[in-house]
Amino acid sequence: GKVAVVNVWGSWCGPCRTETPELERVFEATKSLGVAFLGIDVRDNLSSARDFVTDRHVQFPSIFDPSLRSLIALGKGYPTSVVPTTLVLDRRHRVAAVFLRALLAEDLHPVVQRIAREPQ
């Protein structure tokens, strides 16, 4: 029943480094609306992924998925080759928005806010 923001990232991805503090801002601003965030770290090694999360003070959960198995399990039709990718899922977990680029908080926040305010 929660709106979910799923961000596909990698420690090796330059745009992901720029995007991470922006995602954190939206995470902090929308968690009171019942919005859940999940990162999916792809094509990475575990120590680099851990360092990335620690160094950037990432507060939302992230899973380590170097083989893309979790991402592929989301279903066909979701991008798996573009990093970063951000999916916004509505309360029924239908895809409401897809971003195939690094985001600024001002890009993502209004979209997440609008979807979170939709009636269940």
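Use the structure listed above.
In this report, the structure presented in the accompanying data block is examined. (Residues numbered from 1 in each chain as written. Predicted model: local features only at pLDDT ≥ 70, side-chain atom pairs only at ≥ 80, totals over all residues. Heavy atoms only, no water.)

Brief notes about unusual backbone geometry
Then, in step 1: With omega at 5°, the peptide bond leading from Val-83 into Pro-84 counts as cis.
Then, in step 2: Relative to the helices and strands, Pro-84 is located in the loop between helix H3 (69-73) and strand E4 (85-89).
Then, in step 3: Despite not being glycine, His-57 has its phi angle at roughly 55°, a positive value.
Then, in step 4: For His-57, a relative accessible area of 57% translates into the label exposed.
Then, in step 5: Not every positive phi belongs to a glycine, and Leu-68 is a case in point at roughly 70°.
Then, in step 6: The class for Leu-68 is buried, based on a relative accessible area of 15%. (Helix = DSSP H or I, 4+ residues; strand = E, 2+ residues; numbered from the N terminus. Buried < 20%, exposed > 50% of the residue type's maximum accessible area, 1.4 Å probe, protein only.)

A word on the packing of helix H1 (residues 14-30) against helix H4 (residues 105-116)
Then, in step 1: For the pair H1 and H4, the least separation of the axes is 9 Å and the interaxial angle reads 30°. With respect to H4, the axis of H1 lies roughly parallel. The element H1 and its partner H4 pack so that their crossing is right-handed. Contact with H1, carried on its side by Glu-22, Leu-23, Arg-25, Val-26, Ala-29 and Thr-30, involves Ala-105, Leu-108, His-109 and Val-112 of H4 and no other residues of that element. (Axes fitted to C-alpha atoms, helices over the stretch in contact; angles between N-to-C directions. Parallel < 35°, antiparallel > 145°, perpendicular 65-115°, else oblique. Left-handed = near helix turned anticlockwise from the far one by under 90°. Contact = heavy atoms within 4.5 Å.)

Quick word on the pattern of salt bridges
Then, in step 1: Scanning the model with the defined rule gives five salt bridges in all.
Then, in step 2: In this structure, the salt-bridge partner of Arg-25 is Glu-22, at a minimum N-O distance of 3.3 Å. Here Arg-25 pairs with Glu-22, and both are found in helix H1, just three residues apart, close to one helical turn.
Then, in step 3: A relative accessible area of 53% means that Arg-25 is categorised as exposed. (Salt bridge = Lys/Arg side-chain N within 4 Å of Asp/Glu carboxyl O.)

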